[in-house]
Amino acid sequence: MGRIDLIEITDLRKTYYMGKVEVPALRGIDIRVEQGEFIALMGPSGSGKSTLLNMIGLLDTPTSGGIVIDGIEVSSLDHNQRADFRLRKLGFVFQFFSLLMELNAIENVALPIMMDERKNDRAALLLELVGIGDRADHFPNELSGGQQQRVAIARALANEPAILLADEPTANLDTESSNQIVALFRELNEKGQTILMVTHEPELGEKADRIIRIKDGRVVV
Ligand SMILES: Nc1ncnc2c1ncn2[C@@H]1O[C@H](COP(=O)(O)OP(=O)(O)O)[C@@H](O)[C@H]1O
Ligand SMILES: [Mg+2]
């Protein structure tokens, strides 16, 4: 059996409007991502990386063009179906970890796992998987930046997402922690996780299977 295209993006365009001023953020993007790939999305600031990731993450809607994820044309989904799709198929990691400060590590990870009586067991396994099983009871302010990002990654994996989306996940980390986070992505990818990671650190991008470069809202070929 051949490999499956997990993401198929066709002539994707996004124009923002600032009052009457048009800001063309994506100007016709075509991308295919196979299941099991680890992709680094790179490009200068303002080139459209976050816009693209937000479209794939169903956090924003395109002006035109197609996005098929796991066989589903996501632009045909209504509001509730989009929320459902996001919850079931996608995991998000952001620059600013986005943990709830009142919850400890294991509670943050368990948060998105619904309808599962054994959710703390699963959250504990996820913390082990990301290498901080011994920090389950720690609150975010008792963890380093790198450890907080590991909690955020464990949380993103809680629903066994088809795709892990990460927007500059190492932008607030020192070099050593950044390398460790990308090494963790590599490990997760070797277990089969499809990953799309935005970064503008060339050394980190090189750790991916493939680099897709974006400039001025287009893929650089
Ligand atoms: N919500 C928005 N409203 C208006 N313009 C936006 C909005 N989001 C992004 N942009 C513009 O779209 C372009 C691409 O932005 P972005 O995708 O955030 O770039 P990157 O993540 O590569 O730095 C930039 O010119 C940015 O100013
Ligand atoms: Mg960005």
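This text follows the structure it describes.
Residues numbered from 1 in each chain as written. Chains lettered and ligands numbered in written order. Predicted model: local features only at pLDDT ≥ 70, side-chain atom pairs only at ≥ 80, totals over all residues. Heavy atoms only, no water.

(A) Here's a closer look at the overall build of the protein chain. The number of helices and strands found in the protein chain is 7 helices and 10 strands. Rg of the C-alpha trace for the protein chain: 17 Å, near the compact-globule value of 17 Å for 221 residues, within the 12% margin. Along the first, second and third principal axes, the C-alpha set of the protein chain runs to 50 × 45 × 40 Å. The buried share among the 221 residues of the protein chain stands at 46%. Residue pairs in contact within the protein chain that sit at least 24 positions apart in sequence constitute 71% of those at least 6 positions apart. With the model as given, the accessible surface of the protein chain reaches about 11300 Å², and the carbon-plus-sulfur share is 49%. Each charge class in the protein chain can be summarised by its mean position, and for the 24 positive and 33 negative side chains these summaries are 5 Å apart. (Helix = DSSP H or I, 4+ residues; strand = E, 2+ residues; numbered from the N terminus. Rg over C-alpha atoms; globule rule 2.2 N^0.38 Å. Buried < 20%, exposed > 50% of the residue type's maximum accessible area, 1.4 Å probe, protein only. Contact = heavy atoms within 4.5 Å. Areas by Shrake-Rupley, 256 points an atom, 1.4 Å probe, with all protein chains shown as cover. Lys, Arg positive; Asp, Glu negative; His and termini not counted. Charge placed at Lys NZ, Arg CZ, Asp CG, Glu CD.)

(B) A look at the sheet that holds strand 4 (residues 64-69). With antiparallel pairing, 4 strands are arranged side by side in an open sheet as 2-1-4-5. Among the strands making up the open sheet, the edge pair consists of strand 2 (21-34) and strand 5 (72-73). In this sheet, strand 4 lies alongside strand 1 (residues 5-18) in antiparallel orientation, the contact comprising 5 bridges. Bridge assignment links Arg13 to a residue of strand 4, and that residue is Ser64. Packing of helix 1 (residues 49-56) onto the sheet brings it into contact with strand 1, strand 2 and strand 4, and relative to strand 1 it is tilted by some 120°. (Pairing = 2+ DSSP bridges. Axes fitted to C-alpha atoms, helices over the stretch in contact; angles between N-to-C directions.)

(C) Summary view of the pairing of strand 6 (residues 90-93). Burial along strand 6 is two-sided: the face carrying Leu90 and Phe92 and the face carrying Gly91 and Val93 are both buried. Pairing of strand 6 with strand 7 (residues 163-167), which is carried by 4 bridges, proceeds in the parallel orientation. Within strand 7, the residue paired with Leu90 across the bridge is Ile163.

(D) Local environment of the environment of Ile113. Take Ile113: it is sitting in the loop between helix 3 (105-110) and helix 4 (119-129). In this structure Ile113 comes out as buried when scored by relative accessible area, which is 6%. C-alpha separation for the pair Ile113 and Val93, spaced 20 residues apart in sequence, amounts to 16 Å. Discounting chain neighbours no more than four positions away, the residues touching Ile113 are Lys119, Arg122, Ala123, Ala158 and Asn159.

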